[in-house]
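Fold and geometry: a report
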Amino acid sequence: MDKESVLDTLCPVARSEAVVGDRWTVLILRELFMRSYRFEEIQAQTGGTPQMIASRLKSLEAEGIVERRRYSERPPRYEYHLTEKGEAFYPVILALCAWGETWMKSPDEGRAVQYTHLTCGKPAGLGPVCESCGKPISREDLSAALNPAYQRERDERWEAFKRSR
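First, a word on scope: everything that follows refers to the structure included in this document. (Residues numbered from 1 in each chain as written. Predicted model: local features only at pLDDT ≥ 70, side-chain atom pairs only at ≥ 80, totals over all residues. Heavy atoms only, no water.)

Take the pattern of salt bridges next. Side chains that differ in sign of charge can pair as their charged atoms come close. Evaluation of the coordinates by the stated rule reveals 13 salt bridges. The shortest N-O distance in the salt bridge between Arg68 and Glu61 comes to 3.9 Å. We classify Arg68 as partly exposed; its relative accessible area is 40%. You can call Glu61 partly exposed: its relative accessible area is 34%. The network of salt bridges with common partners includes Arg30, Glu31 and Arg154. (Salt bridge = Lys/Arg side-chain N within 4 Å of Asp/Glu carboxyl O. Buried < 20%, exposed > 50% of the residue type's maximum accessible area, 1.4 Å probe, protein only.)

Structural data, given as structure tokens:
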């Protein structure tokens, strides 16, 4: 189903996929949820070309998922932040994370991100409810700590990106 005909269907999966259904868009959203708001940070962590990232950010902005905020006047520079609509995508990211941890990794690798449920102060698990207290979790109820190996991976990507400029 192409983007033009997606509005001809009432299927919410088809309509959603038309907006967020490619790898680059999902990786950009992952970065925004990880609080990487600047273009260069997003590019470094996704590995996308500047044109690819710019194109996806413009689409996300047009869909009302992301908003640009100027942080520098000279030269003009922007950060990208999730709107309420964008924040509502968090359960999807959490579900992709849970599926990937369960099916795409070996158990000896450990979880890439350990979530703590701030309400009970204990491990939250992979959602949508806290594995410790059983209450539903939301993004604002979680504290995230990156696995040291995953943190090194992200740091190495950032350093490689800076060296390539």
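Judged by side-chain polarity, Trp99, Trp103 and Met104 come together as a nonpolar surface patch covering roughly 450 Å² of accessible area. One can find Trp103 in helix α7 (residues 90-103). By relative accessible area, which is 63% here, Trp103 ends up exposed. (Patch = residues over 30% accessible without salt bridge, like charges linked within 9 Å, V, L, I, M, F, W, Y side chains within 5 Å. Areas by Shrake-Rupley, 256 points an atom, 1.4 Å probe, with all protein chains shown as cover. Helix = DSSP H or I, 4+ residues; strand = E, 2+ residues; numbered from the N terminus.)

Attention shifts here to the packing of aromatic side chains. As enumerated under the stated definition, the model contains two aromatic pairs in all. Taken together, a centroid distance of 5.1 Å and an interplanar angle of 55° make the contact between Phe33 and Tyr90 tilted. Note that Phe33 is positioned in helix α3 (residues 23-33) and Tyr90 in helix α7, a separation of 57 residues in sequence. In terms of burial, Phe33 and Tyr90 fall into one category: buried. (Phe/Tyr/Trp six-rings, centres within 6.5 Å; stacked < 30°, edge-to-face > 60°.)

So, about the nonpolar core. Among the nonpolar cores identified, the biggest contains 25 residues, and Ile28, Leu29, Leu32, Ile65, Val66, Leu82 and Tyr115 are the most heavily contacted of them. Secondary-structure elements contributing two or more residues to this core are α3, α5 (50-62), β2 (77-82), α7 and β3 (113-117). By residue number, the principal contributor to this core is α3, which donates four residues. Excluding anything up to four places from it in sequence, Ile28 contacts Ile42, Thr46, Ile53, Arg56, Leu57 and Leu60. (Core = buried A, V, L, I, M, F, W, Y, C linked by side-chain atoms within 4.5 Å. Contact = heavy atoms within 4.5 Å.)

As a further point, take the pairing of strand β1 (residues 66-72). Two elements, β1 and β2, share six bridges in a ladder whose sense is antiparallel. When the sheet's bridge partners are listed, Arg69 is paired in β2 with Glu79. What sits between the antiparallel neighbours β1 and β2 is a turn of four residues. (Pairing = 2+ DSSP bridges.)

With 14 residues, α7 ought to run about 20 Å at 1.5 Å a step, and its terminal C-alpha atoms sit 20 Å apart, in line with that. Within the sequence span of α7, burial applies to Tyr90, Ile93, Leu94, Ala98, Gly100 and Glu101. The buried residues of α7 occupy an angular sector of 165° when projected down its axis, which confines them to one face. Across from the buried face of α7, at angles greater than 90 degrees, the exposed residues are Pro91 and Trp103. Of the surrounding secondary structure, the elements contacted by the buried residues of α7 are α3, α6 (84-87), β3 and β5 (142-146). (Expected span 1.5 Å × (residues − 1). Arc of directions from axis to C-beta.)

A separate point is the sheet that holds strand β4 (residues 122-123). Pairing in this open sheet of three strands is antiparallel, and the strands run β4-β3-β5 from one edge to the other. Edge positions in the sheet fall to β4 and β5, since each of these pairs with one other strand and no more. Where β3 lies against β5, five bridges are found, and the strand directions are antiparallel. Pairing of His117 across the sheet is with Leu142, part of β5.

Read these as spatial facts, not as claims about activity.
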